[in-house]
Each structure stands twice: as C-alpha cells, then as structure tokens.
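Descriptive structure summary
Here's the letter readout for the chains.
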Amino acid sequence: MNPEFDARRSKNGGRVFWVRKATSANFGDFVQEHPPYDDNVAAVHETMTSAAAAVVAARGDEVRVGPGHTEEFEKAFCLAVAGVRWVGEGSGNKVPALTISGAIHGVAIAADDVEFENFRFP
C-alpha cells in the first residue's frame, strides 16, 4: 500500500479522499493502493461531486484533487459540509482546473471552517 494511505487520516484527523479521472495514468494502481474504508466508502472518486457526498461534517476530512484534474460545472459547486479541507495538488498549470459555465459564481462555500486551496479557473 501507498505509505501516504497507511495512516488513513488527514492532518486534521479525518479521512482522506482523492479525486482522479479514470483515464489518468495508473488509475487502476492508484485505486488499489487506496482501497475503500472499512465501512465500504470509496477513498478514490472520479468527480469532486462524488467526493463531496463522501465527506462528513466536522470530522476533519480532506479531499485531494489530483494534478491536472479538470471539471466543468454548469451551476455553482457548493461546499456545504463544515470542516472539510479541499486541496488541489500540483503547481503551475498542473493544479486542478475548474471551468464554470452558466453560473454567476463557480464555487460557493456554504459551511463553516471549509478550506479551499490551490485550484485554478481558466
């Protein structure tokens, strides 16, 4: 198993979830290295929306969105679970890119203590 996953805890004590496209390099290996949690909740998700459905309020969960990941939202992506840290991995033009079409705003933070960092909006 990936040593990063052995502890299965974020820096805040919650679960870590990953967002990767199934078409990304070595996706199958990545999923095997990051199996579902004991209660069968997936650790790896293909969309941010799916990962948002897996997090639990105030547990200290963290969602790590892979470098080069892209998603398009036709309405605002709402971060409505308190105490979740969303981190875009990578640097420069390799950080996750979120394209917003048809919305007044792209990401709505609608809960307390949400962290959202290292994403770009092309």
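These notes cover the structure that comes with them.

Conventions adopted
Residues numbered from 1 in each chain as written. Predicted model: local features only at pLDDT ≥ 70, side-chain atom pairs only at ≥ 80, totals over all residues. Heavy atoms only, no water. Core = buried A, V, L, I, M, F, W, Y, C linked by side-chain atoms within 4.5 Å. Buried < 20%, exposed > 50% of the residue type's maximum accessible area, 1.4 Å probe, protein only. Helix = DSSP H or I, 4+ residues; strand = E, 2+ residues; numbered from the N terminus. Pairing = 2+ DSSP bridges. Contact = heavy atoms within 4.5 Å. Phe/Tyr/Trp six-rings, centres within 6.5 Å; stacked < 30°, edge-to-face > 60°. Lys NZ or Arg CZ within 6 Å of the ring centre and 35° of its normal.

A few words now on the nonpolar core. In globular proteins that are soluble, nonpolar side chains generally tend to be buried together. One finds M48, V63, V65 and W86 to be the most contacted residues of the largest nonpolar core, which totals 25 residues. Elements with a contribution of two residues or more to this core: β1 (16-19), α2 (27-33), α3 (48-54), β3 (62-65) and β5 (77-79). Broken down by element, the residue count for this core peaks at four residues, all from β1.

All right, on to the pairing of strand β6 (residues 85-88) then. With burial as the criterion, each face of β6 is covered, one bearing R85 and V87 and the other bearing W86 and G88. Judged from the four bridges that link them, β3 and β6 form a sheet pairing that is parallel. Bridge assignment links V63 to a residue of β6, and that residue is W86. Pairing of β6 with strand β9 (residues 115-117) involves three bridges; the strand directions are parallel. Bridge pairing links R85 to E115 in β9.

This brings us to the side chain of E62. Along the chain, E62 falls in strand β3. Leave out the neighbours within four places in its chain, and E62 touches S10, K11, R15, V16, F17, R85 and V87.

Within a sheet, adjacent strands bond to each other through the backbone by hydrogen bonds, running parallel or antiparallel. The sheet built from five strands is open, its strands ordered β2-β1-β3-β6-β9 with parallel pairing. What marks the edges here is a single partner per strand, and that holds for β2 (44-45) and β9. Here two bridges tie β1 to β2, and the two strands are oriented parallel to one another. When the bridges of β2 are listed, W18 appears paired with V44.

Here we take up the packing of aromatic side chains. If you walk through the whole model with that rule in mind, you get five aromatic pairs. Considering the side-chain rings of F73 and F77, the 4.8 Å spacing of their centres and the 20° angle between planes classify their relative orientation as stacked. Judged by its relative accessible area of 7%, F73 falls in the buried class. Residue classification places F77 among the buried residues on the basis of a relative accessible area of 5%. Put simply, the rings of F73, F77 and W86 pair up and form one aromatic cluster. Over the ring of Y37 we find R15; its NZ or CZ atom is 4.4 Å from the centre of that ring.

In short, geometric facts, not functional conclusions.
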